[in-house]
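# Topology and contacts: notes
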Amino acid sequence: MRENAYLSRTVEVQEDQKVVDTGLYGIVRHPMYMATVLLFLSMPLILGSVISFLIMLFYIPIIVMRIRNEEKVLEEGLDGYKEYKKKVKYRLVPFIW
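Residues numbered from 1 in each chain as written. Predicted model: local features only at pLDDT ≥ 70, side-chain atom pairs only at ≥ 80, totals over all residues. Heavy atoms only, no water.

## With respect to the pattern of salt bridges
For clarity, the threshold we go by: A carboxyl oxygen of Asp or Glu within 4 Å of a side-chain nitrogen of Lys or Arg is what we treat as a salt bridge. Each helix corresponds to a stretch of at least 4 residues labelled H or I by DSSP, and each strand to a stretch of at least 2 residues labelled E; elements are numbered beginning at the N terminus. Per-residue accessibility, obtained with a 1.4 Å probe over protein chains only, is compared with the maximum for each type, and a residue is labelled buried under 20%, exposed over 50%, and partly exposed between these values.
Per the stated rule, a full pass over the model turns up 4 salt bridges. For Asp-21, the salt bridge identified is with Lys-87, shortest N-O distance 2.9 Å. Here the residue Asp-21 occupies a position in the segment before helix H1 (31-47), and Lys-87 occupies one in helix H3 (residues 81-87), the gap between them amounting to 66 residues. In this structure Asp-21 comes out as partly exposed when scored by relative accessible area, which is 31%. Since its relative accessible area comes to 55%, Lys-87 is described here as exposed. In this structure, the salt-bridge partner of Glu-71 is Arg-29, at a minimum N-O distance of 2.6 Å. Highlighted residues: Glu-71 in helix H2 (residues 50-77) and Arg-29 in the segment before H1, separated in sequence by 42 residues. Assigned by exposure class, Glu-71 and Arg-29 land together as buried. Counted as one network, the salt bridges with shared partners bring together Arg-29, Glu-71 and Arg-91.

## Considerations on H1
Basically, it comes down to this: One less than the residue count of a helix, multiplied by 1.5 Å, gives the span that helix is expected to have. What the arc describes is the spread of directions from the helix axis to the C-beta atoms. Contact between two residues is taken to exist if any of their heavy atoms lie within 4.5 Å; hydrogens are not considered.
With 17 residues, H1 ought to run about 24 Å at 1.5 Å a step, and its terminal C-alpha atoms sit 24 Å apart, in line with that. Among all positions in H1, only Pro-31, Tyr-33, Met-34, Val-37 and Pro-44 are buried. Looking straight down H1, one finds its buried side chains confined to an arc of 160 degrees; they lie on one side. Seen from the buried face of H1, the exposed residues on the opposite side, beyond 90 degrees, are Ile-46 and Leu-47. Packed against the buried residues of H1 are H2. Remark: Gly-48 follows H1 within two positions and exhibits a positive phi of approximately 60 degrees.

## A closer look at H2
Rules: Within 3.5 Å is the distance limit for a polar contact, defined as a pair of N or O atoms, with the added protein rule that one can donate a hydrogen and the other accept it, and that residues adjacent in sequence qualify only through two side-chain atoms.
Relative to the 40 Å expected for 28 residues at 1.5 Å per residue, H2 spans 41 Å between its end C-alpha atoms, a close match to the ideal helical length. The set of residues buried in H2 consists of Ser-52, Met-56, Tyr-59, Ile-63, Ile-67, Glu-70, Glu-71 and Leu-74. Buried residues in H2 make contact with H1 and H3. N-capping of H2 is provided by Ser-49, with a side-chain oxygen placed 3.3 Å from the backbone N of Ile-51.

So this is what it looks like as C-alpha cells:
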C-alpha cells in the first residue's frame, strides 16, 4: 500500500492515477498477485494437504484471467501504462511470465 496507493479490489482506473514503476513494480507488473501466488503455493507444502494443492490449481487460471483483464483496463484508461509494459516485461514471475 505504501508503494502503490491506487490498490483496489475492483479493477478500475482511479481519478488522477499514475503508473507506479518503483520498488517491486519495477521488476514485475503485479507484485501483489505474485505474493498471493507464493502464499497459495506454500500452503500445500506447509499443510501437507492434497486438497489445498487442488485449490491452488484452480487459483492459477483465475489469477491469470484477472491479470489479463486488469492489464486491458489499464491500457485503455491509464496514461503511460503501455510504456510501462515495455519497460517492465514480466507480469508475475521475473524472467518467466
